[in-house]
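Listed here are the chains, written in short residue letters.
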Amino acid sequence: RVLITGGLGQLGMAFARNLRAIYGSDNVILSDIKQPSDDVRSLGPYIYLDILNYALMEKAVEECRIDWVIHLSAVLSALGEKNPKLALDVNINGFQNILEVSKEHNLRLLTPSTMGVFSVHSGKTNTPDFAVMRPDTIYGISKIHMELMGEYYNKKYNLDFRSLRYPGIISADSQPGGGTTDYAVDIFHSAIKTNSYSCFLKKDTSLAMMYLDDCIEGTLKLLTAPEESLKQRVYNINAITFSPEELAQEIKKQWSPDFKIEYKPDFRQHIADTWPNSLDDSNARRDWNFDPKIRSTEQLVSIMLSKLNKN
Ligand code: VAH
C-alpha cells in the first residue's frame, strides 16, 4: 500500500486520485495534519499523521501495511523564509523520521525535491542534475539535506529512495501554499475574478514551470520505474519556461485583451532570482522516459482557463 504525507497540499489529492485509479482506493492512504473535508474522506482512506511524531508514523506504517511512501509534507520557500524554525522542523526533522521509518520497514520512499536547491552558482539555463548547489533559502538548504540523506541511506542501508526536482507546479483544482512560484496559479484565479492581478515578482522573472498532470505522470513513472533503470537517485524534470509578463501576455490573448497586471516585487523576488529558468532533464528522459505534454505557455493557459472556467 501507498502512504501519501502532506496529502491535503497542492499535489496530494491528484496523487491519490491517480494512484487509486491504478491500485484501488483502499491501497492508497492519504495523510496530513489537518482534518479533511467530508468529500476527501469519501474518496478513500485518510489518516491524521504528524511526521514529527515517529511513534505515530511507525504505528501507521505497520497498521496500514505500507510498502511505498510519497512524502509531500514540506514548508515551501516563501513560508520557510518567514518561519525558518518551522521549515527546519518539518523539512529536516520530519524527513529524518520518514527516512528512519522507511529504512526500518524497508519501504520505497519517493520524496520530491525542488529547483530551489539550485542557486546563482548553478547556472540559470538548462541547469544540469549535478550542478553546483549553494542555495540561500532554508527551503533549498533543507531540500539538499533531504537529497543527500536519501542518497546516503540508499548507499548505506540499500533504502529504495527516489527523488525528482520539481519546477513551479501549476494546478487548476488545488491551491499551492507558501511558494514563490504560486503567482503563476494565483494569476488565473485573479484574472477570472477581477480581470487583473498584482504580481509579487518582477515582469521579467523567468522560471521553470510545469503543469500538474505532467508532474504527477512523471512522478509516478519514477515511483514505478524498475530499480535497475535508475542510474541516480535524484533527477531534474523540466517542461515550460515563462516570466510573469509572458504569462500575462498569453492570458490577454486567450482570456481578455484588457486584463490588467501590475508588478509589486516583494521578498520572494530574491528567492526567484536565485532559481533557474530551465532544467536539463535528459537523464530523467533517458532512464524512465519522462515526457511532459504541456510544453508551452500557450498550452498551459489554454488548459488552465478551460479547467477554471468550468468551476
Ligand atoms: C515554491 N512551489 O515555490 C515551490 C517550488 C520550485 C518551486 O519548490 O517554493
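Residues numbered from 1 in each chain as written. Predicted model: local features only at pLDDT ≥ 70, side-chain atom pairs only at ≥ 80, totals over all residues. Heavy atoms only, no water.

### Focus on the UniProt feature "domain: NAD-dependent epimerase/dehydratase" (unreviewed entry) in the chain
Cross-referencing UniProt, the feature "domain: NAD-dependent epimerase/dehydratase" (unreviewed entry) maps to residues 2-237 in the present numbering. The annotated region residues 2-237 carries 42% helix and 18% strand content, and the separation between its end C-alpha atoms amounts to 23 Å. (UniProt positions renumbered as here; feature names shortened; annotations may be inferred. Helix = DSSP H or I, 4+ residues; strand = E, 2+ residues; numbered from the N terminus.)

### Overview of the pairing of strand E10 (residues 207-211)
In terms of burial, E10 is a largely internal element, five of the five residues being buried. Burial along E10 is two-sided: Leu 207, Met 209 and Tyr 211 facing one way and Ala 208 and Met 210 facing the other are all buried. Taken together, the three bridges between strand E8 (residues 168-170) and E10 define a ladder with parallel strand orientation. Residue pairing for E10: Ile 170 is matched across the bridge by Tyr 211. In the sheet, E10 pairs with strand E12 (residues 240-242) via three bridges, with the strands oriented antiparallel. Across the sheet, Met 209 pairs through a bridge with Ile 240, a residue of E12. (Buried < 20%, exposed > 50% of the residue type's maximum accessible area, 1.4 Å probe, protein only. Pairing = 2+ DSSP bridges.)

### A closer look at the sheet that holds E8
The three strands are arranged E8-E10-E12 in an open sheet whose pairing can be described as mixed. The two strands at the open ends of the sheet, each matched to only one other strand, are E8 and E12. When the angles between neighbouring strand axes are averaged without regard to direction, this sheet yields 45°. Helix H12 (residues 297-310) contacts E8, E10 and E12 of the sheet and is inclined by roughly 90° relative to E12. (Axes fitted to C-alpha atoms, helices over the stretch in contact; angles between N-to-C directions. Contact = heavy atoms within 4.5 Å.)

### Description of the packing of aromatic side chains
Under the defined criterion, the tally for this structure stands at seven aromatic pairs. On the numbers, 6.3 Å between centres and 90° between planes, the contact of Tyr 183 with Phe 200 is edge-to-face. Here Phe 200 lies in the loop between strand E9 (196-199) and E10 and Tyr 183 lies in helix H7 (residues 183-194), a separation of 17 residues in the sequence. By the burial criterion, Tyr 183 is buried, and Phe 200 matches it. In this arrangement the basic side chain of Lys 103 is found over the ring face of Tyr 157, its NZ or CZ atom lying 4.4 Å from the centre. The ring of Phe 200 carries the charged tip of Arg 268 above its face, separated from the ring centre by 3.4 Å. (Phe/Tyr/Trp six-rings, centres within 6.5 Å; stacked < 30°, edge-to-face > 60°. Lys NZ or Arg CZ within 6 Å of the ring centre and 35° of its normal.)

### A short note on the site of the ligand
As a structural note, the neighbourhood of the ligand is formed by Leu 76, Ser 77, Thr 114, Met 115, Tyr 139, Tyr 166, Pro 167, Gly 168, Gly 179, Thr 180, Thr 181 and Trp 275. One of the backbone N or O atoms of Thr 180 is found 2.6 Å from an oxygen atom in the ligand. Burial of the ligand by the protein amounts to 95% of the accessible area it has alone, namely 270 Å². (Near = heavy atom within 4 Å. Polar contact = N/O pair within 3.5 Å; in protein donor to acceptor, adjacent residues only side chain to side chain. Areas by Shrake-Rupley, 256 points an atom, 1.4 Å probe, with all protein chains shown as cover.)

### As for the packing of helix H1 (residues 12-23) against helix H8 (residues 212-224)
Viewed as axis vectors pointing N to C, H1 and H8 meet at an angle of 50°, and their least axial separation amounts to 10 Å. The angle between H1 and H8 falls in the class oblique. Note that H1 runs across H8; the crossing there is right-handed. From H1, Ala 14, Phe 15, Asn 18, Leu 19, Ile 22 and Tyr 23 reach across to H8, where they touch Leu 212, Ile 216, Thr 219, Leu 220, Leu 223 and Thr 224. When the residues that make up the contact of H1 with H8 are grouped by side-chain class, the tally is nine nonpolar, three polar and no charged. (Parallel < 35°, antiparallel > 145°, perpendicular 65-115°, else oblique. Left-handed = near helix turned anticlockwise from the far one by under 90°. Nonpolar A, V, L, I, M, F, W, Y, C, P; charged D, E, K, R; others polar.)

### A closer look at the pattern of salt bridges
Tallied over the full model, the rule gives 19 salt bridges. Across the salt bridge formed by Arg 233 and Glu 227, the nearest N and O atoms sit 2.7 Å from each other. Taking relative accessible area as the criterion, Arg 233 reaches 10% and is therefore assigned buried. Close ionic contact of Glu 262 with Lys 264 constitutes a salt bridge, the shortest N to O distance being 3.9 Å. Among the residues examined, Glu 262 registers a relative accessible area of 36% and is labelled partly exposed. By sharing partners, the salt bridges in this structure join Arg 108, Asp 160, Arg 162, Glu 227 and Arg 233 into a single network. (Salt bridge = Lys/Arg side-chain N within 4 Å of Asp/Glu carboxyl O.)

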